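# Structural features, examined
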Amino acid sequence: MLRVLRPRRRPGWQTFAPALFLLCAFAVPGAMLVAGQGEPALNRIDTTWQAYIFTLHAPFWDGVNVVLNAVGYVGMLVLHLVLVVALLIWRRPKAAMFTALAGLSALGLTQLTKAVVGRERPQGATVLSDTGSYPSGHVSATTAFLVVLALLIGRQWAKVVAVLGILAMMISRTYLSAHWLSDVLGGACLAAGVVLLLWWPFLKICVQENETAGRATIWRAGASQRQQEAGQQE
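Since the structure is predicted, the reported quantities are computational estimates derived from the model, not experimental observations. (Residues numbered from 1 in each chain as written. Predicted model: local features only at pLDDT ≥ 70, side-chain atom pairs only at ≥ 80, totals over all residues. Heavy atoms only, no water.)

### Notes on the overall build of the chain
Counting its regular elements, the chain contains 8 helices and 0 strands. From first element to last, N terminus to C terminus, the chain shows the α and β order α-α-α-α-α-α-α-α. Residues classed as buried in the chain amount to 44% of the 234 residues present. For the chain, long-range pairs separated by at least 24 residues make up 81% of all intrachain contacts whose partners lie at least 6 apart in sequence. As displayed, the chain offers around 12,700 Å² of accessible surface, 68% of which is attributable to carbon and sulfur atoms. (Helix = DSSP H or I, 4+ residues; strand = E, 2+ residues; numbered from the N terminus. Buried < 20%, exposed > 50% of the residue type's maximum accessible area, 1.4 Å probe, protein only. Contact = heavy atoms within 4.5 Å. Areas by Shrake-Rupley, 256 points an atom, 1.4 Å probe, with all protein chains shown as cover.)

Pasting the structure below:
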């Protein structure tokens, strides 16, 4: 039988500490770029990775990455919205609130940082991109959605899927020369850190909400309720 999303209860520090670490990993390179010290410090690793990823170019991977480019930003935002609506239908309004806040916060901070840092993108990008290279918006949107989904599901396989999906998008953005390696790392750290930081106060609330809603699927619970109402009317 299918189940609704079932987040697991975990100690708060297991969420708060990684969130702070990830946000620091995002903020330090961003501050260095603003101060003018980021390019020299990050240039070697960025250019080395860019040269390596260029050797992997092939028609098949070109097609795969065009698809990832299409679904990585707008597609992920749409999926995020669909998840919010689904949680409301499944009678998880607090989980829906957490999901919406996580998506909007990651999106807003990503665009704000792009404007503040103003880093130029690599030369030779094969896809159209907006201004600002640090951090990657595609990676940020993908990370926000997949981390939220993994937290709500609370299963090991969901975490594995999230990690693989994030890595695929990170590689894709550098493959397409739309971002430097440090850009995609920054996007992943920002979104994951924001989601985990918001999950810290929402964790117990969402778990309690889920337990109150019951283990049965919503349609089954609704059917039982209708049967009881019909019996009372008779």
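Read on for the rest.
### Describing helix H3 (residues 59–89)
With 31 residues, H3 extends 42 Å from end C-alpha to end C-alpha; this agrees with the ideal 45 Å at 1.5 Å per step. Where H3 bends most, at Gly-75, the angle is about 45 degrees. Listing the buried residues of H3 in full gives Asn-65, Asn-69, Gly-72, Met-76, His-80, Leu-83, Val-84, Ala-86 and Leu-87. Elements that come into contact with the buried residues of H3 comprise helix H4 (93–117), helix H5 (137–153) and helix H6 (156–175). With its phi angle positive at about 65 degrees, Arg-91 sits one or two positions after the end of H3. (Expected span 1.5 Å × (residues − 1). Bend = angle between axes of the 7 residues up to and from the residue.)

### Quick look at the side chain of Thr-99
Relative to the helices and strands, Thr-99 resides in helix H4. A residue is classified by how much of its surface remains accessible, and Thr-99, at 0% relative accessible area, is buried. Not counting residues within four places of it along the chain, the set of residues in contact with Thr-99 comprises His-80, Leu-83, Val-84, Leu-87, Val-148 and Leu-152.

### Description of the pattern of salt bridges
Applying the stated rule across the entire model yields 3 salt bridges. Here Glu-39 makes a salt bridge to Arg-119, at a shortest N to O gap of 2.9 Å. Taken as a pair, Glu-39 in helix H2 (residues 38–54) and Arg-119 in the loop between H4 and H5 lie far apart in primary sequence, 80 residues in all. Owing to a relative accessible area of 5%, Arg-119 belongs among the buried residues under this scheme. One salt bridge connects Asp-46 with Arg-119, and the closest N-O pair in it is separated by 2.9 Å. Within this pair, whereas Asp-46 is found in helix H2, its partner Arg-119 is found in the loop between H4 and H5, the two being separated by 73 residues in sequence. A relative accessible area of 1% means that Asp-46 is categorised as buried. When salt bridges that share partners are traced, they join Glu-39, Asp-46, Arg-119 and Asp-183 into one network. (Salt bridge = Lys/Arg side-chain N within 4 Å of Asp/Glu carboxyl O.)

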